Amino acid sequence: MNDFFSQIKTHADPNFVDKTAVYLPPEHRFSTLSHALSEYHGVDILSLTQNNDLIEGADRQQLNQAYEQLLINKPQPHACVLVAITDEISPRLLLTRRASNLSSHAGEVSLVGGKRDKTDRSSYEVATREAFEEVGLLRQDSTLIGFLPMQISKKGLLVRPVVVSMTPAIADSLIASEDEIQRLFWADLAYLKTTPPIDYHFEHPKLGRAYLHTPAWLIDDRQIGKPEVVWGLTGRIIANFLHIGYGVRYQWYYHLQAHH
């Protein structure tokens, strides 16, 4: 637990801009969405322990105390991800499957993004730099819509989601970097807004004879002939995006169940 707490502490860089004010003209397709994101006044770091049955007793109390201290300290993010949607009548959300040879989160479904570098001057810069490295999205080809509260990853990183839009032509021109991304695919925003996540279970190597249950979306991907599973941190970010941006609230939780 001490290692976890040490990772969620961060020193502020006075030259780093985490969030900025965003204004989109009323005629922009996502002006209402941008306004909803800017009007959010809740906590800026979402709790890791709420509705989480994996953390009990002293560990839960210790994490809660560390979480309250985080809110007081107002730290800057360790990493940023891009919630990238297409500017069209039926918007799509960009998702990726990470390469299987990566040292972190290998083979997992994720949003584009990554850790902050010392040279990065803003959260928007972190997310768009990583997006260019992973799928070739240029910063000037995206429109900033707003920001979501930070989430705490399972490794103790503070992750800032940055919401952007892009034209369908730009979206269709993106190409996955073979070094980092196995493939990119898209989720229909309308599907995510109207389809509650399912109760998905899988075996975790550190849990012995037990399943880890987590709500998830199954994205029907015809390119590979089977659904992609969106869960974990990515799923939590999407659920929060739908809640703040569109008023769609899905309960999010984890729980364990022993093998029968």
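Each remark here, short or long, concerns the structure printed above.
Residues numbered from 1 in each chain as written. Predicted model: local features only at pLDDT ≥ 70, side-chain atom pairs only at ≥ 80, totals over all residues. Heavy atoms only, no water.

A. Expanded view of the nonpolar core. Core analysis: the biggest nonpolar cluster contains 36 residues, and Trp-217, Phe-241 and Leu-242 have the highest contact counts within it. Residue assignment for this core shows that the elements contributing at least two residues are helix 2 (31-38), strand 1 (79-86), strand 2 (92-98), strand 7 (158-166), strand 8 (181-188), helix 6 (189-194), strand 10 (210-219) and helix 7 (232-246). Element by element, the count of residues in this core is highest for helix 7, at 6 residues. Ala-84, Val-126, Leu-137 and Leu-184 belong to the second-largest nonpolar core, a separate cluster that totals 23 residues. (Core = buried A, V, L, I, M, F, W, Y, C linked by side-chain atoms within 4.5 Å. Buried < 20%, exposed > 50% of the residue type's maximum accessible area, 1.4 Å probe, protein only. Helix = DSSP H or I, 4+ residues; strand = E, 2+ residues; numbered from the N terminus.)

B. Representation of the side chain of Arg-183 within the structure. Examined against the element boundaries, Arg-183 turns out to sit in strand 8. Among the polar contacts listed, one links the side chain of Arg-183 to the side chain of Glu-228, at a separation of 2.7 Å. (Polar contact = N/O pair within 3.5 Å; in protein donor to acceptor, adjacent residues only side chain to side chain.)

C. The arrangement of helix 2 in detail. Buried within helix 2 we find Ser-31, Leu-33, Ser-34 and Leu-37. The buried residues of helix 2 occupy one face: seen down the axis, they fall within an arc of 160°. (Arc of directions from axis to C-beta.)

D. A look at the environment of Leu-138. As for its placement among the helices and strands, Leu-138 is situated in the loop between helix 4 (123-135) and strand 5 (143-147). Sequence separation between Leu-138 and Thr-128 is 10 residues, and the spatial gap between their C-alpha atoms is 7.1 Å.

E. Local environment of the side chain of Thr-86. Mapped onto the secondary structure, Thr-86 falls in strand 1. Reaching out from Thr-86, the side chain makes a polar contact with the side chain of Glu-88 at a distance of 2.7 Å. Within the structure, the side chain of Thr-86 is placed 2.7 Å from the backbone nitrogen of Arg-92, a separation counted as a polar contact. Setting aside chain neighbours within four positions, we find Thr-86 in contact with Phe-30, Pro-91, Arg-92, Met-166, Ala-171 and Trp-186. (Contact = heavy atoms within 4.5 Å.)

F. The arrangement of the pattern of salt bridges in detail. For the structure shown, the criterion picks out 13 salt bridges. Here Asp-18 ties to Arg-160 by a salt bridge, and the two come within 2.6 Å at their closest N and O atoms. Of this pair, Asp-18 sits in the loop between helix 1 (2-7) and helix 2 while Arg-160 sits in strand 7, placing them 142 residues apart in sequence. Looking at Asp-18, the relative accessible area reads 15%, which means it is buried. Assessed through its relative accessible area of 0%, Arg-160 is described here as buried. Between Asp-44 and Lys-19 there is a salt bridge, with the nearest N and O atoms lying 3.2 Å from each other. (Salt bridge = Lys/Arg side-chain N within 4 Å of Asp/Glu carboxyl O.)

G. Spatial organisation of the packing of aromatic side chains. In this structure the tally under the stated criterion is 2 aromatic pairs. Between Trp-217 and Tyr-250, the aromatic rings sit 5.7 Å apart at their centres with planes inclined by 65°, giving edge-to-face as the arrangement. One end of the pair, Trp-217, is in strand 10; the other, Tyr-250, is in the loop between helix 7 and strand 12 (255-258), and 33 residues separate them in sequence. A residue is classified by how much of its surface remains accessible, and Trp-217, at 1% relative accessible area, is buried. Judged by centre distance (5.7 Å) and plane angle (90°), the ring pair of Phe-241 and Tyr-246 falls under edge-to-face. The aromatic ring of Phe-16 is capped on one face by Arg-116, whose charged end is 3.8 Å from the ring centroid. (Phe/Tyr/Trp six-rings, centres within 6.5 Å; stacked < 30°, edge-to-face > 60°. Lys NZ or Arg CZ within 6 Å of the ring centre and 35° of its normal.)

H. Local environment of the pairing of strand 1. Most of strand 1 sits out of view: 8 of its 8 residues are buried. Neither face of strand 1 is exposed, since Ala-79, Val-81, Val-83 and Ile-85 on one face and Cys-80, Leu-82, Ala-84 and Thr-86 on the opposite face are all buried. When strand 1 meets strand 4 (residues 112-115), the two strands line up antiparallel, connected through 4 bridges. Across the sheet, Val-81 pairs through a bridge with Gly-113, a residue of strand 4. By the bridge criterion, 8 bridges tie strand 1 to strand 7 in an arrangement that is parallel. Of the residues in strand 7, the one forming a bridge with Ala-84 is Val-164. (Pairing = 2+ DSSP bridges.)

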